[in-house]
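# Geometric and topological summary
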Amino acid sequence: MVKSTTSFHKIKTEFSLPHATTVGGSKIFLDYLEKIKLGSALQQISGTKAKNALFPVYRILLYLIVGWILGAERLFHFRKWQQDSLIKRFLGGRCPHHSLLYKELNRLGKTNPNLKRNLQQLHLDLIRPCLPSSLILNLDSTVETVYGHQEKAAKGVNSHKPGRKSLHPLLAFEGQSRVSLYAQLRPGNVHSSTEAGPFLEQTFELLGEHKVKYARFDKGFGGEAFYSLLERQAIGYAGKMKWTKRLAAEVARCRVWKRYVDEDWIIEGIALWYQATSWQKPRRVAVIRKAHLFQDDQACLLLDTDWQYEAIVTSMNWEAIDVWRFYNQRCCMENYIKEVKRGFSIDKIATGSFEANELDLLIKLLAYNLYERFKHDCCEPIHFGYTIARFRLEFFQCAATLVSHSRRVLLKLSKEFPNRTLWKRMESRVVQLE
């Protein structure tokens, strides 16, 4: 190793490196998008635009997907990719200006009502290889705070920014494969259960032949119509219930509790038939109560005030503890929402138009699904739990330059790239895809 004798501050700088990219490692993912023919699939989506347009609809959508994958959080962040040699090459030699993306989202949201449905169908077609034979449907909603005057933004329940306007989308994920199945943007002042029934019906319609075996949802959902819809479809469900005085009084009449765990926590459960005032018939409710066990030399007498109660309405004839544990696996849903928020910025509202923002939400969820499918197809099991932020850091962010020589184009990546062995292994898997 040659010791440097030049002071660091005397190192000269110049912007003269041609055809450079800071995301050379993303080539494996761009290769993957080409291999699964994403561009061709997007071309099938109709768009009201002239055939000789410089940037047709499919190329705009492709650019948005690539940008969200690479870490853009807002549309003006696409400025950094506009002159990136690798992204320009992937898009055919030129990237649209970021201001055009605002206009295109607004135009597509207003002039192409079928685009949303087409994107939802494309979602399903792309994630079909990842779906298990029997699906577990996880339902939830989330709050997206806004800071302007976006259409249909309204004040509602917002624990992070009380009193701030927001939007309130409904989301459906598959509990085993982590992929997003369906999404719908709503005003911020609606309850979680508002339009939940139609949302569920549209999810079933979109899934078609794919069988949903179980459904899980929190206490924001529910109601006679919602439960009846799941029962007509013969879907086993487990949904959290609000702990009301009426339910508590009904549970207090139960004297025989079955103890399941008595180590650090004492956990007991019962199952009873209960009919809420809004229900047309009784339904099975699994009730779990927990109390913390303090270790000492004397026996401890538990009072009624020491217990924490949870109630889960279910159509399944399982032990109360099994229903409770099955429902608790739904907690992964919070991680999925955290990933699409932090990794794909679904909470960063792009425009003032409600239709354009819903379209933007679907594009971001499509990018999320493509990343999940890429891990499924090309990565090793150790990488399945990687967030997109970690994956970008370890595999996408690599200095590189495009070199043309003898009618060949070569992407030269940094020789010191630490994960090049794993990267090459992923590249070989992409090549082997049919």
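Coordinates for the structure precede this section.
What comes next is a walk through the structure. (Residues numbered from 1 in each chain as written. Predicted model: local features only at pLDDT ≥ 70, side-chain atom pairs only at ≥ 80, totals over all residues. Heavy atoms only, no water.)

### Here's the deal with unusual backbone geometry
Selection criterion: The numbering of helices and of strands both runs from the N terminus, where a helix is a DSSP run of H or I of at least 4 residues and a strand a run of E of at least 2. Throughout, exposure labels follow a simple rule: accessible area from a 1.4 Å probe, protein chains only, divided by the maximum for the residue type, with under 20% read as buried, over 50% as exposed, and the rest as partly exposed.
Look at glutamate 195: it is not a glycine, yet its phi comes out positive at around 60 degrees. Mapping glutamate 195 onto the fold places it in the loop between strand 7 (180-184) and helix 7 (196-207). Residue classification places glutamate 195 among the partly exposed residues on the basis of a relative accessible area of 46%. Within the chain, serine 406 stands out as a residue other than glycine whose phi angle is a positive 50 degrees. Within the secondary structure, serine 406 sits in the loop between strand 14 (400-405) and strand 15 (408-413).

### With respect to the pattern of salt bridges
This is how the line gets drawn: The term salt bridge refers to a pairing of a side-chain nitrogen on Lys or Arg with a carboxyl oxygen on Asp or Glu at a separation within 4 Å.
Scanning the model with the defined rule gives 25 salt bridges in all. In this structure, arginine 128 and aspartate 125 form a salt bridge, with 2.7 Å as the shortest nitrogen-oxygen distance. According to the relative accessible area criterion, arginine 128 is partly exposed, its value standing at 30%. Judged by its relative accessible area of 37%, aspartate 125 falls in the partly exposed class. Here arginine 330 makes a salt bridge to aspartate 140, at a shortest N to O gap of 2.9 Å. Separated by 190 residues along the polypeptide, arginine 330 in the loop between helix 10 (320-328) and helix 11 (332-342) and aspartate 140 in strand 2 (residues 134-141) bring together distant segments of the chain. If you follow the salt bridges from partner to partner, you end up with Glu224, Glu231, Lys281 and Arg283 in one network.

### Concerning the pairing of strand 15
How we decide: For two strands to pair, DSSP has to find at least two bridges joining them.
Bridge count between strand 14 and strand 15: six bridges; the pairing is antiparallel. Across the sheet, residue serine 404 finds its bridge partner in strand 15, namely valine 409.

### Topic: the sheet that holds strand 15
Ordered in space as 1-14-15, the three strands form an open sheet in which the pairing is antiparallel. Across the chains shown, the open sheet's two edge strands, defined by having one partner strand only, are strand 1 (20-21) and strand 15.

### Details of the layout of surface pockets
Rules: Using only the protein atoms, space was sampled on a 1 Å grid; points where a 1.4 Å probe fits but cannot get out form cavities, open sets with protein on both sides within 12 Å along at least five of seven lines form pockets, and lining residues are those with an atom within 4 Å of a point. Grid points are joined across faces, edges and corners, and a volume is the space filled by probe spheres set on the points. Here the term charged refers only to Asp, Glu, Lys and Arg, the term nonpolar to Ala, Val, Leu, Ile, Met, Phe, Trp, Tyr, Cys and Pro, and the term polar to all other amino acids, Gly among them.
There is about 930 Å³ of room inside the largest pocket. Taken together, 33 residues make up the lining of the largest pocket; nearest its centre are Thr142, Val143, Ser159, His160 and Lys341. Of all the secondary-structure elements, those providing two or more residues to the lining of the largest pocket are strand 2, strand 3 (144-145) and helix 11. Of all the elements, helix 11 adds the most residues to the lining of the largest pocket, at five residues. Its residues assigned to classes, the lining of the largest pocket comprises seven nonpolar, 15 polar and eleven charged. Estimated volume of the second largest pocket: approximately 670 Å³. Every residue lining the second largest pocket is counted, 27 residues in all, and those nearest its centre are Lys27, Leu30, Asp31, Leu86 and Leu411. A total of five residues in the lining of the second largest pocket trace back to one element, the largest contributor, which is helix 1 (residues 27-35). Residue classes in the lining of the second largest pocket are distributed as 15 nonpolar, two polar and ten charged.

### Quick notes on the packing of helix 3 (residues 57-70) against helix 5 (residues 98-111)
Selection criterion: Here an angle of 0 to 180 degrees is reported between the N-to-C directions of two axes, which are lines fitted to C-alpha atoms, with helices fitted over the stretch in contact. Under this scheme an angle from 65 to 115 degrees is roughly perpendicular, one under 35 degrees roughly parallel, and one over 145 degrees roughly antiparallel; angles in between are oblique. Should the near helix be turned anticlockwise from the far one by less than a right angle, the crossing is termed left-handed; should it be turned clockwise, right-handed. Between two residues, a contact is recorded if the distance between any of their heavy atoms is within 4.5 Å.
At their nearest, the axes of helix 3 and helix 5 sit 11 Å apart, and the two run at 120 degrees to each other. Taken as axis vectors, helix 3 and helix 5 run oblique relative to one another. Helix 3 and helix 5 meet at a crossing whose hand is left-handed. Residues Val57, Ile60, Tyr63 and Leu64 of helix 3 form the contact with helix 5, whose own contacting residues are Leu100, Leu101, Glu104, Leu105, Arg107 and Leu108. Of the residues assigned to the contact of helix 3 with helix 5, the class counts are eight nonpolar, no polar and two charged.

### With respect to the packing of aromatic side chains
Counted only if it meets this: Working definition: rings of Phe, Tyr and Trp (its six-membered ring) pair if their centres are within 6.5 Å, and the pair is stacked with planes under 30 degrees apart, edge-to-face with planes over 60 apart, and tilted otherwise.
One pass over the full model with this rule turns up 28 aromatic pairs. Judged by centre distance (6.1 Å) and plane angle (35 degrees), the ring pair of phenylalanine 217 and tyrosine 237 falls under tilted. Remark: tyrosine 237 occurs in strand 9 (residues 236-240) and phenylalanine 217 occurs in strand 8 (residues 211-217); sequence separation between them is 20 residues. Residue classification places phenylalanine 217 among the buried residues on the basis of a relative accessible area of 0%. Relative to tryptophan 279, the ring of tyrosine 227 lies with its centre 5.5 Å away and its plane at 90 degrees, an arrangement referred to as edge-to-face. Of the two residues, tyrosine 227 sits in helix 8 (residues 224-232) while tryptophan 279 sits in the loop between strand 11 (265-274) and strand 12 (283-292), which places them 52 residues apart along the sequence.

### Quick word on the pairing of strand 12
For strand 12, the buried fraction is high: nine of the ten residues fall into the buried class. Pairing geometry for strand 11 and strand 12, over ten bridges, is antiparallel. Each bridged residue has a counterpart across the sheet, and for isoleucine 270 the counterpart in strand 12 is valine 287. Pairing of strand 12 with strand 13 (residues 308-314) involves seven bridges; the strand directions are antiparallel. Looking at strand 13, one finds that lysine 290 is bridged to glutamine 308.

All we've got here are geometric facts, nothing functional implied.
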